[in-house]
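Survey of secondary and tertiary structure
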Amino acid sequence: MTILYIFIAVLMFGALIAIHEFGHFIAAKSLGVRVNEFAIGMGPKLLSREKGETLYSLRAFPIGGFCAMEGEGEDSDDPRAFGNKPAWKRLIILAAGAFFNFVAGVLLILFLFAQTEGIAAPVIRGYMSGAEDLQAAGLLPGDRIYRVDGHRIYFNSDALLYLGRAGDVVDLEVERDGARIALNGFSIPVRTLVDENGNEVQRRGIYIGVVEKVGIAGRLKYAWYQAIDYVRMVWLSLGDLLSGSVSVRDMSGPIGIVDMMGEMGQAGAQAGGFAGAARNILEFVSFIAINLAVMNLLPIPALDGGQILFLAVDGLWHLITRKRIDPKYLGYVNMAGFFCLIGLMVVVAVSDVMKLL
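Residues numbered from 1 in each chain as written. Predicted model: local features only at pLDDT ≥ 70, side-chain atom pairs only at ≥ 80, totals over all residues. Heavy atoms only, no water.

Details of the pattern of salt bridges
Test applied: Salt bridges are identified by distance alone: a Lys or Arg side-chain nitrogen within 4 Å of an Asp or Glu carboxyl oxygen. Strands are runs of DSSP state E lasting at least two residues, helices are runs of H or I lasting at least four, and both sets are numbered from the N terminus onward. We call a residue buried when its accessible area falls under 20% of the maximum for its residue type, exposed when it is over 50%, and partly exposed in between, using a 1.4 Å probe and counting protein chains only.
In total, this model carries 14 salt bridges according to the counting rule given. For the salt bridge of Glu-53 with Arg-34, the shortest nitrogen-to-oxygen distance reads 3.7 Å. Here Arg-34 lies in the loop between helix H1 (2–30) and strand E1 (35–51) and Glu-53 lies in the loop between E1 and strand E2 (54–69), a separation of 19 residues in the sequence. Of the charged contacts, one joins Glu-173 and Arg-147 as a salt bridge, the two residues approaching to 3.5 Å between their closest N and O atoms. Of the two residues, Glu-173 sits in strand E6 (residues 169–176) while Arg-147 sits in strand E4 (residues 144–148), which places them 26 residues apart along the sequence. Owing to a relative accessible area of 29%, Arg-147 belongs among the partly exposed residues under this scheme. Here the salt bridges share partners, and the residues they tie into one network are Lys-29, Arg-34, Glu-53 and Arg-80.

Observations concerning the packing of aromatic side chains
Put simply, the test is: Two rings belonging to Phe, Tyr or Trp (six-membered ring only in the last case) form a pair when the distance between their centres is within 6.5 Å. Interplanar angles under 30 degrees mark stacking, angles over 60 mark edge-to-face geometry, and anything in between is tilted.
As enumerated under the stated definition, the model contains 13 aromatic pairs in all. Summarising the aromatic geometry, the rings of Tyr-230 and Phe-287 are spaced 5.2 Å apart at their centres and angled 75° between planes, so their arrangement reads as edge-to-face. Of this pair, Tyr-230 sits in helix H5 (residues 216–243) while Phe-287 sits in helix H6 (residues 254–296), placing them 57 residues apart in sequence. Among the residues examined, Tyr-230 registers a relative accessible area of 11% and is labelled buried. Judged by centre distance (6.4 Å) and plane angle (40°), the ring pair of Phe-284 and Phe-287 falls under tilted. Taken together, the residues Phe-284 and Phe-287, both in helix H6 and three residues apart, mark about one turn of the helix. Each of the two residues, Phe-284 as well as Phe-287, counts as buried.

With respect to the nonpolar core
In a soluble, globular protein the nonpolar side chains are often hidden away together inside. Using the following cut-off: To form a nonpolar core, buried Ala, Val, Leu, Ile, Met, Phe, Trp, Tyr and Cys residues must be joined to one another through side-chain atoms within 4.5 Å. In this description, contact between two residues means that some pair of their heavy atoms is separated by no more than 4.5 Å.
Among the nonpolar cores identified, the biggest contains 31 residues, and Ile-109, Phe-113, Ile-119, Phe-155, Tyr-222 and Ile-288 are the most heavily contacted of them. Where this core is concerned, the elements lending two or more residues are H1, helix H2 (87–114), strand E3 (118–127), H5 and H6. Ranked by residue count, the leading element in this core is H6, at 10 residues. When near neighbours in sequence (up to four residues on either side) are disregarded, Ile-119 contacts Phe-113, Arg-144, Phe-155, Val-210, Val-211, Glu-212, Val-214 and Tyr-222. Membership of the second largest hydrophobic core comes to 25 residues, among which are Met-128, Leu-139, Val-170 and Phe-186.

Considering the packing of H2 against H5
Stated formally: Geometry is summarised by axes, namely lines fitted to C-alpha atoms with helices restricted to the contacting stretch, and by angles between N-to-C directions that run from 0 to 180 degrees. Working definition: roughly parallel below 35 degrees, roughly antiparallel above 145 degrees, roughly perpendicular at 65 to 115 degrees, and oblique for all remaining angles. Here is the rule for handedness: rotate from the far helix to the near one, and if that takes an anticlockwise turn smaller than a right angle the crossing is left-handed, while a clockwise turn gives right-handed. Under the scheme applied, nonpolar residues are Ala, Val, Leu, Ile, Met, Phe, Trp, Tyr, Cys and Pro; charged residues are Asp, Glu, Lys and Arg; polar residues are all the others, including Gly.
One way to put it is that H2 packs onto H5 with a least axis distance of 9 Å and a crossing angle of 135°. Here H2 lies oblique to H5, going by the angle between them. Classified by chirality, the crossing of H5 by H2 is right-handed. Listed contacts from H5 to Phe-102, Val-106, Ile-109, Leu-110, Phe-113 and Ala-114 of H2 are Arg-219, Leu-220, Tyr-222, Ala-223, Trp-224, Gln-226, Ala-227, Tyr-230 and Val-231. Of the residues assigned to the contact of H2 with H5, the class counts are 13 nonpolar, one polar and one charged.

Details of the pairing of E4
Under the convention used in this document: We treat two strands as partners when DSSP finds at least two bridges between them.
Among the five residues that make up E4, four are buried, leaving the element largely enclosed by the rest of the structure. In this structure, E4 lies alongside E6, joined through four bridges in antiparallel fashion. In the sheet register, Val-148 faces E6, and the bridge partner there is Leu-172. Summarising the sheet, E4 and strand E5 (residues 151–152) pair through two bridges and their orientation is antiparallel. Following the sheet pairing, Val-148 is matched in E5 by His-151. Where E4 hands over to E5, the hairpin turn is made up of two residues, of which Asp-149 adopts a positive phi near 50°.

So, H5
Our working rule: Each helix should span, by expectation, one fewer than its residue count multiplied by 1.5 Å.
Look at H5: 41 Å from first C-alpha to last across 28 residues, which is about the 40 Å you get at 1.5 Å a residue. Gly-244 sits one or two residues past H5 and shows a positive phi near 90°.

A few points about the environment of Ser-157
Here Ser-157 shows up in helix H4 (residues 156–165). When the C-alpha atoms of Ser-157 and Asp-229 are compared, they prove to be 9.9 Å apart, with 72 residues separating the residues in sequence.

Observations regarding a nonpolar patch on the surface
We apply this condition: The residues that make up patches have over 30% relative accessible area and no salt bridge, and they are joined within 9 Å when like-charged or within 5 Å when they are Val, Leu, Ile, Met, Phe, Trp or Tyr. Surface exposure here means Shrake-Rupley accessible area, sampled with a 1.4 Å probe, where a residue is shielded only by the protein chains that are shown.
On the surface, Ile-40, Leu-46, Leu-47 and Leu-58 cluster together to form a nonpolar patch covering roughly 370 Å² of accessible area. Examining the composition of the nonpolar patch, we find that three residues originate from one element, E1, more than from any other. Within the element layout of this structure, Leu-46 appears in strand E1. Here Leu-46 falls in the exposed class, since its relative accessible area comes to 55%.

Quick look at the structure:
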């Protein structure tokens, strides 16, 4: 069964990349850019058909796809070439892939929330033995945590995440009886306490999480909050990587992602059969979809965000000098960025394989 879930994970990961390329394709066609080929999958062609000016192909390996536009990364005399279109059209086309990934992620989240009747709300429901002083200090049962150190809290998992990253003194904002109350500089240290099972643990001392029923409007609202959460998780991970809190070894590439999807499918199957496996995989795919959207817009050469940055720099240079930057320099920068990206992917792939072994 694990092989089945890994196979499903490969298909889902490939579908996300294909959706990304389909976003570029739709935007390019809509804005009058010539598309020479649109492919689903990579590698040798299995099926192909030419319709109009575009070759549509299905390729052997279900690991993505591509949208080959005329004049992308090279000079072309065709007035419909990508490089000959106004900057605002190129910007839309470049951003469309990430936009389609984000929309795909949101739609998956909406589908998953449609299957549930309640959410885990960040409401304080009690204290561990030895932490009753927190109530005397002003944190009451029934308080809904609204912010932790300035971070908006939507779900119980948010409260646990940001409290886990906070120091012993935290700026809290809670909702109580319809009003928001600021508890700035609130001391809630990690200490030795006794939990509800009688075990000594190192905790802050509060139990958080109450299931709240939600209707259609609530499901829509919390689905959007979940999408926002996924974006924040990407930024938190990038911040940790840049600060050195985590290393490249902690990163995962396609191999690691597929393995994690397989593990989540297996875990879901053990808990709730095929339905549980499907839910776990779809939750993870929705996160990866939004992750791809954010990562592709980073201003890194060889990514869409890098090309968008070059568009902005070229526009500013033209505004100052009335000249355009030679496209060959974009090619050089993209090539250098591409090799760096491939190098990083190789390092991460080796790390993923070592983790598996």
